[in-house]
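Observations on chain architecture
Each chain, written out:
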Amino acid sequence: MKVVTTIADMQEARQRLTAPVGLVPTMGYLHEGHLSLVSQARAENPSLVVTIFVNPTQFGPREDFKAYPRDTEHDLALLEKEKTDIVFIPPAKEMYPPGFDSWVEIAGVTERLEGACRPGHFRGVTTVCAKLFNIIQPDIAYFGQKDAQQAIVIKKMVADLNMNLKVVTLPTVREPDGLAMSSRNTYLNPEERKAALVLYQALTLAQKLWAAGDTDADKIRREMLALIKREPRAKIDYVSLADPETLEELGRVKTPALASLAVKIGTTRLIDNVVLE
Ligand code: AMP
């Protein structure tokens, strides 16, 4: 496994890779969710590149960029075990040198849900992904359904800007009790960890109501909200039942539909989703 930190070294190493090249972009502090993407990418491609970059431009000024958990040594050991060919870990000033002034901005799907709560977030995500795609030139990039809107936005960018790669979305990996794995779960104290289950419980409730024949989206959203409000540590950012392509809120639940939510547990903001289909 080769670890590279500069764009020049990454581009040089890329030239010696056998196509197709699979790419898994991450912010590190790797868990089983990340590793499911890595192992699938490993199985499907003769060459595998993983990136670790806590991207400052996708964090708002009052968000957790500085506190975001980091453990490069442990990440590298895990990636070595997965037989990764190249790990690209650039410092922030390599990706954003002085004078950097270009942004990739996707309209429409970025304006709802996470985009509405986190202004500028998706501009940071699409800019860094466009840069990583240009530098690494992957044939297939792998993203997690955990960040459903992010995967939708990246697919839109790739289609709209004619980028020459395929984007694959893989299922959310959960803890045994249902909590979606996330690097941010590490912020939760034991009481908050228990309270955090309310996200999955609300999504499971949506699934149950819909499976029982309920198609009134407002009613399902109301029941999800009521369930979450019973948890005193939870503060709701949004609860949504939306079209999985446009992310427009639904009146009647048709299939497939994306049930998603963002909830703060104490000071930790968590997101999760399920597809009703
Ligand atoms: P992050 O390091 O949080 O930026 O995540 C890197 C990639 O891993 C993204 O495509 C995420 O959607 C994906 N990912 C994060 N958590 C999970 C999970 N629990 N299950 C599946 N994929 C995940």
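**Some remarks on the overall build of the protein**
Helix and strand counts for the protein come out as 10 helices and 9 strands. The globule rule puts the C-alpha radius of gyration for 277 residues at 19 Å, and the 19 Å found for the protein is close to it. With the principal axes as the frame, the protein shows a C-alpha extent of 55 × 40 × 40 Å. Out of the 277 residues belonging to the protein, those deemed buried represent 53%. For the protein, contacts bridging at least 24 residues in sequence account for 72% of all contacts bridging at least 6.

**Things to note about helix α3 (residues 72–81)**
Every buried residue of α3 is accounted for by D75, L76, L78 and L79. The buried side chains of α3 occupy one side of the element, clustering within an arc of 160° when seen end-on. Facing away from the buried surface of α3 by more than 90 degrees, the exposed residues are E73 and K81. In the core, the buried residues of α3 are packed alongside β1 (2–4), α2 (32–44), β3 (47–52) and β4 (86–88). A positive backbone phi angle near 60° is found at K83, which sits one or two residues after α3.

**Re the site of the ligand**
Taken together, 17 residues form the shell around the ligand, and within it M27, H34, D147, V173 and M181 come nearest. In the environment of the ligand, a nitrogen atom lies 2.8 Å from a nitrogen or oxygen atom belonging to the backbone of V173. Isolated, the ligand exposes 490 Å² of accessible area, and the fraction of that covered by the protein chains is 93%. Every element with two or more residues in the shell around the ligand is listed here: β2 (21–26), α2 and β5 (140–144). Ranked by the residues each element gives to the shell around the ligand, the list is headed by α2, at 3 residues.

Each value, and the rule that gives it
- Residues numbered from 1 in each chain as written.
- Predicted model: local features only at pLDDT ≥ 70, side-chain atom pairs only at ≥ 80, totals over all residues.
- Heavy atoms only, no water.
- Helix = DSSP H or I, 4+ residues; strand = E, 2+ residues; numbered from the N terminus.
- Rg over C-alpha atoms; globule rule 2.2 N^0.38 Å.
- Buried < 20%, exposed > 50% of the residue type's maximum accessible area, 1.4 Å probe, protein only.
- Contact = heavy atoms within 4.5 Å.
- Arc of directions from axis to C-beta.
- Near = heavy atom within 4 Å.
- Polar contact = N/O pair within 3.5 Å; in protein donor to acceptor, adjacent residues only side chain to side chain.
- Areas by Shrake-Rupley, 256 points an atom, 1.4 Å probe, with all protein chains shown as cover.

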